[in-house]
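Residues per chain, in single letters:
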Amino acid sequence: MSETSVAVHADADLLAQAVAARLLVKLLDAQADRGQAAVVLTGGRIAAAVYRAVAALPARDAVDWSQVDVWWGDERFLPAGDPERNETQARAALLDVVPLDPARVHPMPASDGPAGADPEAAAAGYAAELARATRPGHATLPHFDVLMLGVGEDGHVASVFPEHPVHHDSRPVSAVRGSPKPPPVRTTLTLPAINTAEEVWLVASGADKARAVGMALAGAGPVQLPAAGAQGVGRTLWLLDRAAAANIPPRLRSLR
Ligand SMILES: O=C(O)[C@H](O)[C@@H](O)[C@H](O)[C@H](O)COP(=O)(O)O
C-alpha cells in the first residue's frame with residue numbers, strides 16, 4: 001500500500017536544497033537498481049529553484065546522466081524556446097548543464113512543432129512517445145521513478161485544474177484549453193497517468209499554498225482539488241516549507 005509522508009523545511013531555499021538532494025539520491029538509487037532512471041519534471045518557481053540547486057550540487061556528477069530519461073508532467077503550449085515553457089526553464093536551470101543524452105530528453109510538443117498548432121495532436125503525439133518508451137507488450141506508459149509536481153494556489157497539479165473537463169479524460173495525456181492560469185492552452189499528464197509513478201513528490205512553498213495543501217492532506221476530492229488525487233504507487237511525498245505547511249491536519253504533524 002502506498003505511503004504518504006510530509007517533510008517540512010524552514011523556508012523556500014532550504015526546501016529547494018532538500019528536494020535537490022533527495023532527487024539526486026533517488027536517481028542514484030534507481031540507477032543502482034535498474035541501471036537507469038526516469039524523472040518527470042514540473043514547472044513553476046519552486047521547481048526551477050530545485051533544478052538550480054541540483055545543478056549546484058557537486059554530487060550531481062555521481063549520476064550517470066546519459067542513463068536518465070527526462071519527461072514532463074505538463075507544458076504550456078507555446079513556441080519552442082519560449083521563456084514561459086516549462087521545458088525552457090528546466091533546460092536553463094539544469095538540463096543544459098548536465099551530460100544528458102538528448103534522445104532521452106522528452107519535452108512535450110511546442111505549438112510550432114511538427115504536430116502543428118493543435119494541442120490535441122500534441123497530446124496524442126506525446127502519448128505515442130511515452131508508449132514507444134515502454135517495454136514491448138507492456139503498459140502505455142514507461143516506468144517513472146519519481147514524478148515531481150508543483151501545487152497551485154487553487155490546488156492544481158501539472159495542468160490538471162479544479163473542476164476542469166480534463167478530469168473526464170481517460171487518456172494518459174490531455175490537451176487543456178481555458179486554463180485559469182495563463183497561458184490558457186496546455187498539455188498535461190492526467191491524474192491516472194501521474195499515479196503510475198513509483199514516487200510522486202508534491203513540492204509547495206509559500207503561504208498562498210497553505211489552504212490547498214491543508215485541504216489536500218485533509219482528504220479533499222481530486223476534482224475539487226487535484227493535488228489530493230496525486231499519489232505514487234509506492235510513495236507520495238509532500239515537500240513543504242513552513243508557510244505552505246501552516247494548515248496541514250494535526251494528525252499529520254507528527255510526520256513533520
Ligand atoms: O505549468 C505550470 O504552471 C506548472 O506546471 C504548475 O502546475 C506549477 O507547478 C504550479 O502552478 C506551482 O507553481 P509555483 O511553484 O510557481 O507556484
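Residues numbered from 1 in each chain as written. Predicted model: local features only at pLDDT ≥ 70, side-chain atom pairs only at ≥ 80, totals over all residues. Heavy atoms only, no water.

- An unreviewed UniProt entry annotates the chain as 6-phosphogluconolactonase of Micromonospora rubida.

## Here's the deal with the overall build of the chain
Next, step 1: The secondary structure content of the chain amounts to 6 helices and 9 strands.
Next, step 2: Taking 256 residues into account, the globule formula puts the C-alpha radius of gyration at 18 Å, and the chain, at 17 Å, falls close to it.
Next, step 3: Dimensions of the chain, computed from C-alpha atoms along their principal axes, come out at roughly 50 × 40 × 35 Å.
Next, step 4: The burial tally for the chain puts 54% of its 256 residues in the buried class.
Next, step 5: Restricting to contacts in the chain with at least 6 residues of sequence separation, those with at least 24 account for 76%. (Helix = DSSP H or I, 4+ residues; strand = E, 2+ residues; numbered from the N terminus. Rg over C-alpha atoms; globule rule 2.2 N^0.38 Å. Buried < 20%, exposed > 50% of the residue type's maximum accessible area, 1.4 Å probe, protein only. Contact = heavy atoms within 4.5 Å.)

## Comments concerning the sheet that holds strand β8 (residues 199-204)
Next, step 1: With parallel pairing, 6 strands are arranged side by side in an open sheet as β1-β9-β8-β5-β2-β3. Looking at which strands have only one partner, the edges of the open sheet turn out to be β1 (3-9) and β3 (68-72). Adjacent strand axes in the sheet meet at a mean angle of 20° when their direction is disregarded.
Next, step 2: As judged from the 7 bridges shared by β1 and strand β9 (residues 235-241), these two strands associate in the parallel manner. Directly across from E3, in β9, lies its bridge partner R235. (Pairing = 2+ DSSP bridges. Axes fitted to C-alpha atoms, helices over the stretch in contact; angles between N-to-C directions.)

## Description of the nonpolar core
Next, step 1: In terms of nonpolar packing, the biggest core is built from 80 residues, with L189 and W238 touching the most fellow members.
Next, step 2: The contact partners of W238, leaving out residues within four places of it in the chain, are T4, S5, V6, A7, V151, L202, V213, A216, L217 and A227. (Core = buried A, V, L, I, M, F, W, Y, C linked by side-chain atoms within 4.5 Å.)

## Some remarks on the site of the ligand
Next, step 1: Looking at the ligand, there are 15 residues lining it, with G43, R45, R76, K181 and K209 nearest.
Next, step 2: In the environment of the ligand, an oxygen atom lies 3.2 Å from a nitrogen or oxygen atom belonging to the side chain of N86.
Next, step 3: Protein chains bury 97% of the 420 Å² of accessible surface belonging to the ligand in isolation.
Next, step 4: Those elements giving two or more residues to the shell around the ligand turn out to be α2 (45-56) and β4 (74-76).
Next, step 5: Counted by class, the shell around the ligand contains 3 nonpolar, 6 polar and 6 charged residues. (Near = heavy atom within 4 Å. Polar contact = N/O pair within 3.5 Å; in protein donor to acceptor, adjacent residues only side chain to side chain. Areas by Shrake-Rupley, 256 points an atom, 1.4 Å probe, with all protein chains shown as cover. Nonpolar A, V, L, I, M, F, W, Y, C, P; charged D, E, K, R; others polar.)

## Notes on the side chain of S205
Next, step 1: With respect to the helices, strands and loops of the structure, S205 is situated in the loop between β8 and α6 (210-217).
Next, step 2: Polar side-chain contacts of S205 include one of 2.9 Å to the side chain of D241.
Next, step 3: Apart from the residues within four sequence positions on either side, S205 is in contact with A12, L15, I46, D241 and A244.

## Focus on helix α3 (residues 86-93)
Owing to its 3.6 residues per turn, the α-helix brings residues three or four apart onto one side.
Next, step 1: When we look at burial in α3, the residues that qualify are N86, E87, A90 and A93. All buried residues of α3 project into a common sector of 140° when viewed along the axis, lining one side.
Next, step 2: Those residues of α3 that are buried are in contact with β2 (37-41), α2, β3 and β4. (Arc of directions from axis to C-beta.)

## Considering the side chain of N86
Next, step 1: By secondary structure assignment, the location of N86 is in helix α3.
Next, step 2: A residue is classified by how much of its surface remains accessible, and N86, at 2% relative accessible area, is buried.
Next, step 3: Look past the residues within four positions of N86 in its chain and what remains in contact with it is G43, G44, W72, D74, E75 and R76.

## Describing the environment of G219
Next, step 1: The residue G219 is located in the loop between α6 and β9 in this model.
Next, step 2: With 10 residues separating them in the primary sequence, G219 and G229 have C-alpha atoms 9.1 Å apart.

## Examining the packing of helix α1 (residues 12-34) against α2
Next, step 1: Their axes nearest at 8 Å, the elements α1 and α2 cross at an angle of 60°. Overall, the two elements α1 and α2 adopt an arrangement that is oblique. Regarding α1 and α2, the two cross each other, and that crossing is right-handed. Judged by residue contacts, A12, L15, A16, Q17, V19, A20, L23 and L24 of α1 engage I46, A49, V50, A53 and V54 from α2. (Parallel < 35°, antiparallel > 145°, perpendicular 65-115°, else oblique. Left-handed = near helix turned anticlockwise from the far one by under 90°.)

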